[in-house]
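# Observations on chain architecture
Here's the letter readout for the chains.
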Amino acid sequence: MADQTHVLFVEDDDVIREATQLALERDGFAVTAMPDGLSGLESFRADRPDIALLDVMLPGLDGVSLCRRIRDESTVPVIMLSARADSIDVVLGLEAGADDYVTKPFDGAVLVARIRAVLRRFGHAGGGDRTEGAGAAETGGVLTFGDLEVDTDGMEVRRAGRPVGLTPDKLLERVWDYGWGGDTRVVDVHVQRLRTKIGQDRIETVRGFGYKLKA
């Protein structure tokens, strides 16, 4: 498993869990599959996977709560899965710290593409290969906005010298590495999360354009 990307897959439907595990393993991923939220949390803490796929509706501990628990302990990428197309599930998952969202039923090839896209943002090669030492590279490239520092090479944000825990999010197409046709309130959710972490007055809304970072 050392030379493979390790996927934690938590899904209570036996058929979906087994079929998806087989599909991911055929694409070169090492998969640990769990049937409920509590066993999924135990597996995450024991194995420290490279990425987690979490169904929203799980017995014992639901997927959104599980995502929140994982995010409290780690910045490992998380993709939420749900049979519901309701945008509230998307918003809840993203607010809990998820990095992407896939609606069931999904095509196996599409799921693999989503996983690879998320992994690329986290410094992984994609496929089933794991990129060793893909965390920080201290080679400079620090942008300074007052007491806020953005280390573009080390992938770290610091405020007043202290690290700020952020998931490595970008917006819309640049986030998922493919065309996004979902609810554009996803952007608002991410911006609000950033404002909470780096300061409400740091991000200014520019009407008709988007947002800008203020010093």
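Definitions and limits used
Residues numbered from 1 in each chain as written. Predicted model: local features only at pLDDT ≥ 70, side-chain atom pairs only at ≥ 80, totals over all residues. Heavy atoms only, no water. Helix = DSSP H or I, 4+ residues; strand = E, 2+ residues; numbered from the N terminus. Buried < 20%, exposed > 50% of the residue type's maximum accessible area, 1.4 Å probe, protein only. Contact = heavy atoms within 4.5 Å. Areas by Shrake-Rupley, 256 points an atom, 1.4 Å probe, with all protein chains shown as cover. Arc of directions from axis to C-beta. Polar contact = N/O pair within 3.5 Å; in protein donor to acceptor, adjacent residues only side chain to side chain. Core = buried A, V, L, I, M, F, W, Y, C linked by side-chain atoms within 4.5 Å. Pairing = 2+ DSSP bridges. Axes fitted to C-alpha atoms, helices over the stretch in contact; angles between N-to-C directions. pLDDT = per-residue confidence, 0-100. Right-handed = clockwise from strand over helix to strand, strands pointing away.

## Notes on the overall build of the protein
When you go through the protein residue by residue, the secondary structure sums to seven helices and eleven strands. Here the protein, with 215 residues, has 43% of them falling under the buried criterion. Expressed as a percentage of contacts within the protein between residues at least 6 apart in sequence, the contacts between residues at least 24 apart total 56%. Per element, the accessible surface of the protein, about 10,900 Å² overall, is 52% carbon and sulfur.

## Overview of helix H3 (residues 63-73)
Among the residues making up H3, those that are buried are Gly63, Val64, Leu66, Cys67, Ile70 and Arg71. An end-on view of H3 places all buried positions within 160° of arc, on one side of the element. Capping the start of H3, Asp62 holds a side-chain oxygen 3.0 Å from the backbone nitrogen of Val64, two or three residues further along.

## Digging into the nonpolar core
Ranked by internal contacts, the top residues of the largest apolar core, which has 23 residues, are Leu54, Leu66, Cys67, Ile70, Val78 and Met80. Those elements that place two or more of their residues in this core are strand S1 (6-10), helix H2 (37-47), strand S3 (51-55), H3, strand S4 (78-82) and helix H4 (87-95). It is H3 that provides the largest number of residues to this core, a total of four residues. Aside from chain neighbours lying at most four places away, what touches Val78 is Ala52, Leu54, Cys67, Ile70, Arg71, Ala98, Asp99 and Asp100. Listed in part, the 17 residues of the second largest apolar core include Leu24, Leu81, Val118 and Leu119.

## Description of the sheet that holds S4
Across the sheet, which stays open at both edges, the five strands sit in the order S2-S1-S3-S4-S5 with parallel pairing between neighbours. Two strands lie at the open edges of the sheet, namely strand S2 (30-34) and strand S5 (100-103), each paired on one side alone. Put simply, the sheet's adjacent strands are angled 20° from each other on average, direction ignored. Relative to S5, S4 runs parallel, the two being bridged by four bridges. If you follow Ile79 over to S5, its bridge partner there is Asp100.

## Comments concerning unusual backbone geometry
The residue after Lys104, namely Pro105, is reached through a cis peptide bond having omega 0°. By the element assignment, Pro105 lies in the loop between S5 and helix H5 (108-121).

## Remarks on the confidence of the model for the protein
Taken over all residues, the pLDDT of the protein has a mean of 76, while the share at 70 or more is 71%. Model confidence for the protein, summarised as mean pLDDT per element, is weakest for helix H6 (residues 173-176) at 49 and strongest for S1 at 96. Counting contacts from residues 125-140, a segment whose pLDDT is below 50, to residues more than four positions away or on other chains yields 34 contacts.

## Notes on the pairing of S1
Across the five residues that make up S1, a large majority, five, are buried. Alternating residues of S1 divide into His6, Leu8 and Val10 and Val7 and Phe9, and every residue in both groups is buried. Relative to S2, S1 runs parallel, the two being bridged by five bridges. Each bridged residue has a counterpart across the sheet, and for Phe9 the counterpart in S2 is Ala33. Crossover connection from S1 via helix H1 (residues 14-26) to parallel S2: handedness right-handed. Two elements, S1 and S3, share four bridges in a ladder whose sense is parallel. Counted as the bridge partner of Leu8 is Ala52 from S3.

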